[in-house]
Amino acid sequence: MSEPVLVALRGVSFTYEDGPAVLTGLDFEVREGRALALLGRNGSGKTTLMRLLSGGLRPSGGELTVTGLPVRYDRKGLTRLRTTVQLVVQDPDDQLFAASVGQDVSFGPLNLGLSDTEVRARVAEALAALDITALAERPTHLLSYGQRKRTAIAGAVAMRPRVLILDEPTAGLDPDGQERLLATLAGLRERGTTVVMATHDVDLALRWADDAALLTPSGARTGPAAAMLARTDLLAAAGLRLPWGVAAAQLLHRQGVLADPANGPRTPEELAAVTAGPPGGGSGATGAHP
Ligand SMILES: Nc1ncnc2c1ncn2[C@@H]1O[C@H](COP(=O)(O)OP(=O)(O)O)[C@@H](O)[C@H]1O
Ligand SMILES: [Mg+2]
């Protein structure tokens, strides 16, 4: 993990008014180009952390840095932050407000004071990236949930952020919607956007993320996703279970089918490939069943 740090929270504490401390002395880094999953149980502070990263909340202690420089919470500093980091909130209805899809997606770029030509180009690019070009004129109140979610993401993409942060982006999507979202994120990553996603879906994180950050009461622990998601101690502290892919890898390893338990299946297709492949992992595979 030697990629440069784009945004970071350094020793950040945060408490809502009249509430208990949500985060205390938290260190958290987003590295360029790494797909990062932020995992933790409900109420662990994932949304709070993401709002701190995107400037919607201000730390009560510690600091937010962008490419190493502390963020200033004045107009100029926040504009710089918004063109670097964009957050898509969990519920699209909290994000969408304009009458049509095109108007909603153009709001951010217009606010940056860009020319009409530039705004149009960005909106077209964002709609295409989210595969919703055909919805440009559609009233937002007539969209399906999945379409509203895509529109909200397009609004963030139109800002051309270096880091796109998505809070529980797959929540409420059907399986096909989830697959389409993952394909969209792959496309954005290919074009150089760093993507961070909060989720409590450990299977999704194992499949999608390069790195996983587990949010526990004693802070966030970040590392390569496959290794982090096999740490039963950290998973328990974060209120999460073992991903099925890790459990399957451990079982296949014990049965001699898989040589390296850290290189296990992450999808049903990969599981099929492992069990159908040559018995490179050992001869114990045959005769395992009476
Ligand atoms: N606006 C708010 N005012 C007061 N407390 C809040 C607010 N938002 C969240 N909290 C509390 O902060 C804690 C962390 O919440 P949150 O960041 O939403 O966690 P997560 O996204 O992991 O579910 C919870 O205990 C929650 O009840
Ligand atoms: Mg949340």
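Residues numbered from 1 in each chain as written. Chains lettered and ligands numbered in written order. Predicted model: local features only at pLDDT ≥ 70, side-chain atom pairs only at ≥ 80, totals over all residues.

The protein carries the name ABC transporter ATP-binding protein in an unreviewed UniProt entry, which gives Streptomyces pratens as its organism. Under the UniProt heading Subcellular location (unreviewed entry), the entry covering the protein gives this text: "Cell membrane". Looking at the Sequence similarities (unreviewed entry) heading of the UniProt record, one finds this comment for the protein: "Belongs to the ABC transporter superfamily." (UniProt positions renumbered as here; feature names shortened; annotations may be inferred.)

With that out of the way, let us pick up the sheet that holds strand β5 (residues 69–70). With respect to topology, four strands assemble into an open sheet ordered β2-β1-β4-β5, the strand pairing being antiparallel. The open sheet has two edge strands, β2 (21–31) and β5, and neither has a second partner. Summarising the sheet, strand β1 (residues 5–15) and strand β4 (residues 61–66) pair through five bridges and their orientation is antiparallel. Following the sheet pairing, V7 is matched in β4 by V66. (Pairing = 2+ DSSP bridges. Helix = DSSP H or I, 4+ residues; strand = E, 2+ residues; numbered from the N terminus.)

What follows deals with the confidence of the model for the protein. Looking at the protein as a whole, its pLDDT mean stands at 92, while 95% of the residues score no less than 70. Under a pLDDT of 50 for its full length, residues 280–290 has, in the predicted model, 14 contacts with residues more than four places off or in other chains. (pLDDT = per-residue confidence, 0-100. Contact = placed C-beta atoms within 7 Å.)

Near ligand 1, the surroundings consist of Y16, G19, V22, G40, N42, G43, S44, G45, K46, T47 and T48. The element contributing the most residues to the shell around ligand 1 is helix α1 (residues 46–53), with three residues. A per-class count over the shell around ligand 1 returns two nonpolar, eight polar and one charged. (Near = placed C-beta within 6 Å. Nonpolar A, V, L, I, M, F, W, Y, C, P; charged D, E, K, R; others polar.)

All right, on to α1 then. For the α-helix, the turn length of 3.6 residues means that residues three or four positions removed from each other point alike. Of all the eight residues making up α1, seven are buried; the element is thus mostly covered by neighbouring parts of the structure. Among all positions of α1, only K46, T47, T48, L49, M50, L52 and L53 are buried. (Buried ≥ 20, exposed ≤ 12 C-beta atoms within 10 Å, placed from the backbone.)

Helix length check: helix α6 (residues 175–190), at 16 residues, gives a terminal C-alpha distance of 23 Å against a target of 22 Å (1.5 Å per residue), a fit within 8%. In the stretch just after α6, G192 is the one whose phi turns positive, near 100 degrees. (Expected span 1.5 Å × (residues − 1).)

The strand order across the open sheet formed by six strands is β6-β7-β8-β3-β9-β10, and the pairing between neighbours is mixed. In this open sheet, the two edge strands, each paired with only one partner strand, are β6 (85–88) and β10 (219–224). With direction set aside, neighbouring strand axes in the sheet form an average angle of 20 degrees. As judged from the four bridges shared by strand β3 (residues 36–39) and strand β9 (residues 211–216), these two strands associate in the parallel manner. Note that in β9 the partner of L39 across the bridge is L214. Strand contacts of α1: β3, β6, β7 (163–167), β8 (194–199) and β9, with the helix running at about 155 degrees to β7, the strand carrying the most contacts. (Axes fitted to C-alpha atoms, helices over the stretch in contact; angles between N-to-C directions.)

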